[in-house]
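Each chain, letter by letter, is given below.
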Amino acid sequence: MPPLDMRAVVYERTGERPTVTRIPVPECPADGALVRVEATGVCRSDWHAWRGHDPVALPHVPGHEYAGVVAEVGAEVHRFSPGDRVTAPFVNGCGRCEWCLSGQAQVCPDQTQPGFTHPGSFAEYVVVRAADTNLVAIPDSVDAVAAASLGCRFATAYRAVTAHGRVDAGTEVAVFGCGGVGLSAVMIATALGATVTAVDVSPVALKRARVLGAAHTVDATRADAEEAIGRATSGGAHVTIDAIGSAATAQTAIRSLRRRGTHVQVGLMFGESEEAALPWGRVIAWELSIIGSHGMPGADYPALLDLVRAGRLRPELLLGSTVDLDGAVDALVAMDDPQSSSGIVVARLDAPR
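Predicted model only: the values in this text are computed from it and were never measured.

Criteria and thresholds
Residues numbered from 1 in each chain as written. Predicted model: local features only at pLDDT ≥ 70, side-chain atom pairs only at ≥ 80, totals over all residues. Heavy atoms only, no water. Core = buried A, V, L, I, M, F, W, Y, C linked by side-chain atoms within 4.5 Å. Buried < 20%, exposed > 50% of the residue type's maximum accessible area, 1.4 Å probe, protein only. Helix = DSSP H or I, 4+ residues; strand = E, 2+ residues; numbered from the N terminus. Contact = heavy atoms within 4.5 Å. Patch = residues over 30% accessible without salt bridge, like charges linked within 9 Å, V, L, I, M, F, W, Y side chains within 5 Å. Areas by Shrake-Rupley, 256 points an atom, 1.4 Å probe, with all protein chains shown as cover. Salt bridge = Lys/Arg side-chain N within 4 Å of Asp/Glu carboxyl O. Pairing = 2+ DSSP bridges. Axes fitted to C-alpha atoms, helices over the stretch in contact; angles between N-to-C directions. Parallel < 35°, antiparallel > 145°, perpendicular 65-115°, else oblique. Left-handed = near helix turned anticlockwise from the far one by under 90°. Nonpolar A, V, L, I, M, F, W, Y, C, P; charged D, E, K, R; others polar.

Concerning the nonpolar core
Step number 1: By size, the foremost hydrophobic cluster in this structure holds 50 residues, and its most contacted members are Phe 154, Val 173, Ile 241, Leu 304 and Leu 313.
Step number 2: Among the elements of the structure, α4 (144-164), β8 (172-176), α5 (180-191), β9 (195-200), α6 (203-211), β11 (237-242), α10 (301-309) and β15 (344-348) are those that each provide at least two residues to this core.
Step number 3: Top contributing element to this core by residue count: α4, with 12 residues.
Step number 4: Apart from residues no more than four positions distant in its own chain, Val 173 is found in contact with Val 167, Ala 189, Ala 194, Thr 195, Val 196, Thr 197, Val 239 and Ile 241.

Right, dumping it as structure tokens:
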């Protein structure tokens, strides 16, 4: 049986520094699972919620990408048992609607998201609802830190590159933004045989993109950035991926496509960018496709895990540091500086304290 209380990162107000404190262990729902967290990633989406850009109920426990061991399951759960090593996508489907039943839980109208709709994984235990739909078994060869790093950034990038971009050998891909999602997209597209051009304002991020497989890099602050991308992609990209989420970036990405190219919007738009105008004349005349991409359902994880298990994808290469829960607070607050992190930060909870 799980304990009555647990250590967790909690903030009472948006923008106020979170603290590590003891709170009750959440109850396991009838259709859900209580997971003992072994590792949890610190993601910029957590920072957006903490800063109030993405409203959450307060007080709040952040965290939405994690790996751990099932501690308890509800009476309606049949596919998982206590002791199973698991992870889960950050979007959890209800398990009952037409979208979930067709394997598209990432667009479930009744979706839940640990770390947003209810307490998240910056804690010793987290609840996953509709466990039979949302839990994903972790192979023995993939450790908790690597599995946690898949949960949001890597899985999101994988689906953007494969399901929407349909990237394969010979595809010219331009990735805008070399943070966690962008660098994941660079790695995945390269592993699939694409030629990748990475675009960012940070020389450090661009250097990292080259190390991870980008054939070309373009400084987005250059006055001729669009032309430079065109030259790097031999006349325009087949696929562009905006991993930032800004009006300017999305427009540049769309203008960097060749005719009949595909733009995949991954980065969330906030504020004025949410209603951004796009170059519709170009979109129509060149028959461009614009696709939104929102995470990845649990049903799609096996193919990604197969690539990880085979060594073709190595998410651990994106790892910047491993910390404890107190370190997770420091990492979250440090995201006020966009240049603060040189890689994914994962808090490890199964290490001796």
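Alright, that's what it looks like, and here's the rest.
Description of a nonpolar patch on the surface
Step number 1: Among the surface-exposed residues, Trp 280, Ile 284 and Ile 290 lie close enough to one another that they form a single nonpolar patch of about 330 Å² accessible area.
Step number 2: Turning to its location among the elements, Ile 290 is positioned in strand β13 (residues 289-292).

Here's the deal with the sheet that holds β8
Consider a sheet: its strands pair through backbone hydrogen bonds, and that pairing is either parallel or antiparallel.
Step number 1: With parallel pairing, 6 strands are arranged side by side in an open sheet as β10-β9-β8-β11-β12-β13. With one partner strand each, in any of the chains shown, β10 (216-219) and β13 form the two edges of the open sheet. The sheet shows a mean angle of 20 degrees between the axes of neighbouring strands, taken without regard to direction.
Step number 2: Here 4 bridges tie β9 to β10, and the two strands are oriented parallel to one another. When the sheet's bridge partners are listed, Thr 197 is paired in β10 with His 216.
Step number 3: Seen against the sheet, helix α7 (residues 225-232) touches β8, β9 and β10 and runs at an angle of roughly 175 degrees to β10.

Topic: the packing of α4 against α5
Step number 1: Running from N to C, α4 and α5 cross one another at 50 degrees; their axes reach a closest spacing of 8 Å. One way to sum up the angle between α4 and α5 is to call them oblique. The interaxial crossing formed by α4 with α5 has right-handed handedness. When α4 is examined against α5, the residues Arg 153, Phe 154, Ala 157, Tyr 158 and Val 161 are found in contact with a partner set consisting of Gly 180, Val 181, Ser 184, Ala 185, Met 187, Ile 188 and Ala 189.
Step number 2: Classifying every residue of the contact of α4 with α5 by side-chain character gives 9 nonpolar, 2 polar and 1 charged.

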